[in-house]
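Per-entry structural report
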Amino acid sequence: MQEPLLGAEGLDYDTFPEKPPPSPGERARVGSLQNKRVFLATFAAVLGNFSFGYALVYTSPVIPALEHSLDPDLHLTKSQASWFGSVFTLGAAAGGLSAMVLNDLLGRKLSIMFSAVPSAAGYALMAGAHGLWMLLLGRMLTGFAGGLTAACIPVYVSEIAPPGVRGALGATPQLMAVFGSLSLYALGLLLPWRWLAVAGEAPVLTMILLLSVMPNSPRFLLSRGKDEEALQALAWLRGADADVQWEFEQIQDNIRRQSSRVSWAEARDPHVYRPVAIALLMRLLQQLTGITPILVYLQPIFDSTAVLLPPQDDAAIVGAVRLLSVLIAALTMDLAGRKVLLFVSGYAMGWGPITWLLMSEILPLRARGVASGLCVLVSWLTAFVLTKSFLLVVNAFGLQVPFFFFAAICLVNLVFTGCCVPETKGRSLEQIESFFRTGRRSFLR
């Protein structure tokens, strides 16, 4: 299934026929581990994902504590607990909607930095909450920040990363989100729920400090006519010893051919709507696997089962296993390929990190900012429906009903992966986009 996609040679891939592309050795040198700057920029950005993962599962240890709270203003009923768990996803959907504008208006880096404002405010509200409205508003604000970063960070990382390590770097947003969740579970064993919110401020502030000295995406800068600044950014990211002129010219040529934003008429062109449709379906199916309600209610789920360990310990173990799985995915993605991992691995090694990476890789440049925001919007609206209804379904029918549904969706995901998901391992973003422009359908067979 992998060979037809992007495997054919031709004029569509030969952007500069008068100058041959770099040799494999040169490309390896550009993306080698000796160049630490692109990794530093990636780390600065994905701290936003750490905060996102931390905030997403904040309710896991907090709901049981508030359900037994002696303060009548903070005591949660089952209905209130379902709103406390699910309102985060509404905020995330709003953040994805905002990213459709901010991603292209402010740029990827500034949009990520902007997310720190609602994130910090949300944690402050939950830390000082004296009523349910403060908890819900805090959850919504941290969700808004998470939705914004979920749309912006994968795009930023994919646009600054060399092709040879884009898979590994593209997995770091999910890796950091899982690490953030694990940190919350671990701290939940030690800290009361208010101090958990206070601790959430630390990665937000660190992200702002580091990103303030990182460059913007060279592709975004070129799309805004800032050629000199874009060349400086690319040179900084690749290192002093790297010859960036060929890569810069390739990006520049691709952007010149797409000098304006995609119009509604052009959106009906197959080379635009096909990758967007694939990305949207990946985000929808990823959420339908049930990962969000499971993580949000992880400790209450273990409370209702006959496990031997305390529920909070089980939640921490799940977080550790997820972290290990995503780490393995990050190390193997550029070797095994995206589709192989989607087929043979579980959520944390496959549909968790890879769908975010593929979204940022296959979306056309002119529609990347808007389309990534649309993907996040669809993703988190789906997550809201699932998260809001999960406890109600469990109380009415038991745990087995939603889990049977999630299992059925996983089978659908296998068929979708085999029929529709392209293999992008080792290809530049320009090559991937050129493939979709050819109109060939071989990868859909």
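Below or above, wherever it landed, is the structure these notes cover.

Calculation rules
Residues numbered from 1 in each chain as written. Predicted model: local features only at pLDDT ≥ 70, side-chain atom pairs only at ≥ 80, totals over all residues. Heavy atoms only, no water. Helix = DSSP H or I, 4+ residues; strand = E, 2+ residues; numbered from the N terminus. Contact = heavy atoms within 4.5 Å. Areas by Shrake-Rupley, 256 points an atom, 1.4 Å probe, with all protein chains shown as cover. 1 Å grid on protein atoms, 1.4 Å probe; cavity = no way out; pocket = protein on both sides within 12 Å on 5 of 7 lines; lining within 4 Å. Points joined across faces, edges and corners; volume = space filled by probe spheres on them. Nonpolar A, V, L, I, M, F, W, Y, C, P; charged D, E, K, R; others polar. Buried < 20%, exposed > 50% of the residue type's maximum accessible area, 1.4 Å probe, protein only. Axes fitted to C-alpha atoms, helices over the stretch in contact; angles between N-to-C directions. Parallel < 35°, antiparallel > 145°, perpendicular 65-115°, else oblique. Left-handed = near helix turned anticlockwise from the far one by under 90°. Salt bridge = Lys/Arg side-chain N within 4 Å of Asp/Glu carboxyl O.

1. Concerning the overall build of the protein chain
- Looking only at helices and strands, the protein chain features 23 helices and zero strands.
- Here the analysis covers contacts within the protein chain between residues at least 6 apart in sequence; of these, 81% occur between residues at least 24 apart.
- Accessible surface computed for the protein chain: about 18000 Å², of which carbon and sulfur atoms make up 69%.

2. Focus on empty space enclosed by the protein
- Using the criterion set out here, one finds three cavities of 30 Å³ or more in the structure.
- There is about 80 Å³ of room inside the second largest cavity.
- Lining of the second largest cavity is provided by 13 residues; of these, Gly-48, Ser-51, Ser-119, Ala-145 and Thr-149 occupy positions nearest its centre.
- For the lining of the second largest cavity, the secondary-structure elements that each account for two or more residues are helix 2 (37-56), helix 7 (132-160) and helix 10 (201-211).
- In terms of residue count, the dominant contributor to the lining of the second largest cavity is helix 2 (five residues).
- When grouped by side-chain class, the residues that make up the lining of the second largest cavity number six nonpolar, seven polar and no charged.

3. Re the environment of Val-385
- As for its position among the elements, Val-385 is in helix 21 (residues 365-397).
- Look at Val-385 and you get exposed, because its relative accessible area is 52%.
- Expressed as a C-alpha distance, the spacing of Val-385 and Leu-288, which sit 97 residues apart in the sequence, is 9.9 Å.

4. Observations regarding the packing of helix 2 against helix 10
- It is the contact of helix 2 with helix 10, at a shortest axis distance of 8 Å, that shows an interaxial angle of 160°. In terms of orientation, helix 2 lies roughly antiparallel with respect to helix 10. Like other packed secondary-structure pairs, helix 2 and helix 10 cross with a definite hand, here left-handed. Here Phe-43, Ala-44, Ala-45, Leu-47, Gly-48, Phe-50 and Ser-51 of helix 2 come into contact with helix 10, specifically with Pro-203, Val-204, Thr-206, Met-207, Leu-210 and Leu-211.
- Taken together, the residues of the contact of helix 2 with helix 10 sort by class into 10 nonpolar, three polar and no charged.

5. So, the pattern of salt bridges
- A complete count under the given rule lists three salt bridges for this structure.
- Lys-78 serves as the salt-bridge partner of Glu-67, at 3.7 Å between the closest nitrogen and oxygen. Of the two residues, Glu-67 sits in helix 3 (residues 59-67) while Lys-78 sits in helix 4 (residues 78-105), which places them 11 residues apart along the sequence.
- Ionic pairing is found between Glu-247 and Arg-238, a salt bridge with its closest N-O pair at 2.8 Å. Both residues of the pair, Glu-247 and Arg-238, belong to the buried class.

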